[in-house]
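Spelled out from the first residue to the last, the chains are:
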Amino acid sequence: MLLTTTVFLLAGLVKGVVGLGLPTLAMALLALAMPPAQAAALLILPSLVTNVWQMRPWPTLAPMTRRLWPMQAGVVAGTLGGAWLLGAPAGAWAMQALGAALVVYGLWGLSGARVSQVPAGAERVLGPLVGAVTGLVTAATGVFVIPAVPYLQALGLSRDELVQTMGLSFTVSTVALAAGLMLNGQYSAAALSGSALMLLPAVLHARAGAAGSVDGAAGVVSQITRWALYFRRDTRKPTKSCLPPSFRRKPESRRRLSFPQGIFCGDALGFRLSPE
């Protein structure tokens, strides 16, 4: 229970900061201690609630849904078809598939590669194909970022539109994954109650991460650090802050640094946010 709660605290924080990563991180860590099907069942409600929240603002959701419905139809078809063909993600093959999906996604992220922008006329053809492949990967691994996220990034959307479309796509994938688990008898009442228990830590830390400031994500990490140092009874004196003098003299300037624009630099009192 402690491991599961810690995983969803961390996954929720990452979700709030970057707009994705809750199922990816949760599946990667939970699969170390349980079968992938059980881990996938636990993430259903936290993933659903945080992604519905991410679909805001509501007035722009309808036109975005009309644009992306072919992709989402492919996601549903691929997930349910994959669940029917492959069964629930369990056993050695599921662990290997999950590991392969995480490695591919990690390498793609580290490479900084970007897919060329998709022409508007090609979306009707590529959308269902990308959705179907995403659905198959979801059914096999419980992870639904590949290849959906690279495709959405190639649509030429603004930042806010991209965040909203990821919320839409992940919501559809979550509902389809739940249906696939039910199809294979892997979404019991016990799994539903366990998933409900993980709602609070995931949502609270998603909101903290979304603050994107020292008072949000960094504050959570700072508090965790203080607890860790307390239990270690660390007697070292605090080191000098790694922030440059201009930042130390003007605390308000730190507020303008969003979380992704800085790096954490620790001392014995917690973390500070400094420019890269």
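This one's a predicted model, so the numbers in the text were calculated from it and none came from an experiment.

Colleague: Quick one: what's the story with the pattern of salt bridges, residue by residue and with numbers?
Modeller: Here the idea is simple: oppositely charged side chains can pair when their charged atoms come close. The tally for this structure, following the rule as stated, stands at 2 salt bridges. The salt bridge partner of Glu-123 is Arg-67, with a shortest N-O separation of 2.8 Å. Here Glu-123 is found in helix 6 (residues 123-141), whereas its partner Arg-67 is found in helix 4 (residues 61-86), with 56 residues between them in sequence. The exposure class of Glu-123 is buried, given its relative accessible area of 11%.

Colleague: Explain helix 4 residue by residue, including any values.
Modeller: Counted at 1.5 Å a residue, the expected span for helix 4 with its 26 residues is 38 Å, but the 33 Å between its end C-alpha atoms falls short. The largest bend along helix 4 measures about 60° and falls at Leu-68, with the proline Pro-70 one to four residues further on. Listed in full, the buried residues belonging to helix 4 are Leu-61, Met-64, Leu-68, Pro-70, Met-71, Gln-72, Gly-74, Val-75, Gly-78, Thr-79, Gly-82 and Ala-83. In this structure, the buried side of helix 4 is in contact with helix 6, helix 7 (148-153) and helix 8 (159-183). Positive phi appears at Gly-87, one or two residues downstream of helix 4, with a value of about 80°.

Colleague: Please provide a residue-by-residue account of the packing of aromatic side chains, values included.
Modeller: In this structure the tally under the stated criterion is 1 aromatic pair. Between Phe-144 and Phe-170 the ring centres are 5.8 Å apart and the planes differ by 45°, which places this aromatic pair in the tilted class. Of this pair, Phe-144 sits in the loop between helix 6 and helix 7 while Phe-170 sits in helix 8, placing them 26 residues apart in sequence.

Colleague: Residues and numbers for unusual backbone geometry, please.
Modeller: In this structure, Pro-57 follows Arg-56 across a cis peptide bond, with omega equal to 5°. Relative to the helices and strands, Pro-57 resides in the loop between helix 3 (36-54) and helix 4. Omega for the bond connecting Ile-146 with Pro-147 falls within 30 degrees of zero, at -10°, which places this linkage in the cis form. If you trace the backbone, Pro-147 turns up in the loop between helix 6 and helix 7.

About the thresholds
Residues numbered from 1 in each chain as written. Predicted model: local features only at pLDDT ≥ 70, side-chain atom pairs only at ≥ 80, totals over all residues. Heavy atoms only, no water. Salt bridge = Lys/Arg side-chain N within 4 Å of Asp/Glu carboxyl O. Helix = DSSP H or I, 4+ residues; strand = E, 2+ residues; numbered from the N terminus. Buried < 20%, exposed > 50% of the residue type's maximum accessible area, 1.4 Å probe, protein only. Expected span 1.5 Å × (residues − 1). Bend = angle between axes of the 7 residues up to and from the residue. Contact = heavy atoms within 4.5 Å. Phe/Tyr/Trp six-rings, centres within 6.5 Å; stacked < 30°, edge-to-face > 60°.

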